[in-house]
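Commentary on secondary and tertiary structure
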Amino acid sequence: MSISSMPGGADMTVTSVLAAACTLGEGPVWHDSALWFVDIKGKRVHRYAPGDGSHRHWNATDQVGWVLPTANGDMIAGVKTGLHRFDPTSGQFALLHDPEPDHPGNRLNDAATDTTGRLWFGSMDDGEALKTGRLYRCDAGTCRDTGLPPVAITNGPAISADARTLYHTDTLGKTIWRVEIDADGTLGTPERHVVIEDGAGYPDGSVIDADGCLWIALYSGWGVRRYDPAGRLMHTVRFPVANVTKIAFGGEGLNTAYATTARKGLDAAALDAQPLAGHLFAFDPGVAGLPVVPAKI
């Protein structure tokens, strides 16, 4: 537990709610009265229900970057080998589409749906060095490269409530790009929205709140930041662990922020200093989130 200093004299308490011990916790999403998330390197999907405190997990077939609900009533998962249908009842994964058969060194990394049910997801170099990561759009069963310039690690993506603006993160470039979305899903010209300064960590997952502000998790940055629609920093939430990967809004009224974290890259001394690394955290963000629209695949 730690106290986070907020502008305007407000204080915010960050609490560990699940000792998940994830090597690389990621992809939190609120669905079916529970917080779903993954451990990418642990190759597991997790479900935590705060109502009764229950916690379940499923083994994935490979590194799994995220899971999201679908309009069919099951879930879709971004596994290293491609998009998979995931059935929590049976625990089975079934390959639907491999967007990058020519890039075996890549894996899928982070995704979101917009309010129309389109699925946006990115890939990355699993070695975190080569600029082979791309952003894709999957709409009614058809997946396309969005045409954005490749980067080593794609993150985000986050989409505005009117489905007209995409926020796309180049993690190693420490830049979040803002891109207009046409009605048919094609993208305009990227514009810099936020650049994370040296020493503040690397921008990881992001999400939009009900006020249209962007929350960005900072890997190796000990926290989460909230930026207004113009890209101005509004709040910083401090964590007791260095590697914060993404938040999701959940709970009644979507008024609770849940955050995944990671142990990856921490040596023995760092782990001793950060015993809560890899846990699932929660805090009161002071604003509601947006409901997740099931993917229409």
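Up top you'll find the structure we're talking about.
Residues numbered from 1 in each chain as written. Predicted model: local features only at pLDDT ≥ 70, side-chain atom pairs only at ≥ 80, totals over all residues. Heavy atoms only, no water.

1. Focus on the nonpolar core
In this structure, F37, W215, V224, V237, F239, I247 and F283 are the most contacted members of the largest nonpolar core, which totals 32 residues. Every element with two or more residues in this core is listed here: β2 (11–18), β4 (34–39), β20 (214–219), β23 (244–250), β24 (256–261) and β25 (280–283). Apart from residues no more than four positions distant in its own chain, F37 is found in contact with L18, A20, C22, E26, G27, P28, R44, V45, H46, Y48, T260 and L280. Counting 30 residues, the second largest nonpolar core, distinct from the first, contains A34, V67, F93 and L108. (Core = buried A, V, L, I, M, F, W, Y, C linked by side-chain atoms within 4.5 Å. Buried < 20%, exposed > 50% of the residue type's maximum accessible area, 1.4 Å probe, protein only. Helix = DSSP H or I, 4+ residues; strand = E, 2+ residues; numbered from the N terminus. Contact = heavy atoms within 4.5 Å.)

2. Overview of the sheet that holds strand β16 (residues 165–170)
Strand order across the open sheet formed by four strands is β15-β16-β17-β18, with antiparallel pairing between neighbours. In the strand order of this sheet, the two ends are held by β15 (154–159) and β18 (191–195), each with one partner. Neighbour-to-neighbour, the strand axes of this sheet turn through a mean angle of 25°, independent of strand direction. Of the pairings in the sheet, the one linking β16 to strand β17 (residues 175–180) comprises six bridges and is antiparallel in character. Within the sheet, the bridge partner assigned to T165 lies in β17 and is E180. (Pairing = 2+ DSSP bridges. Axes fitted to C-alpha atoms, helices over the stretch in contact; angles between N-to-C directions.)

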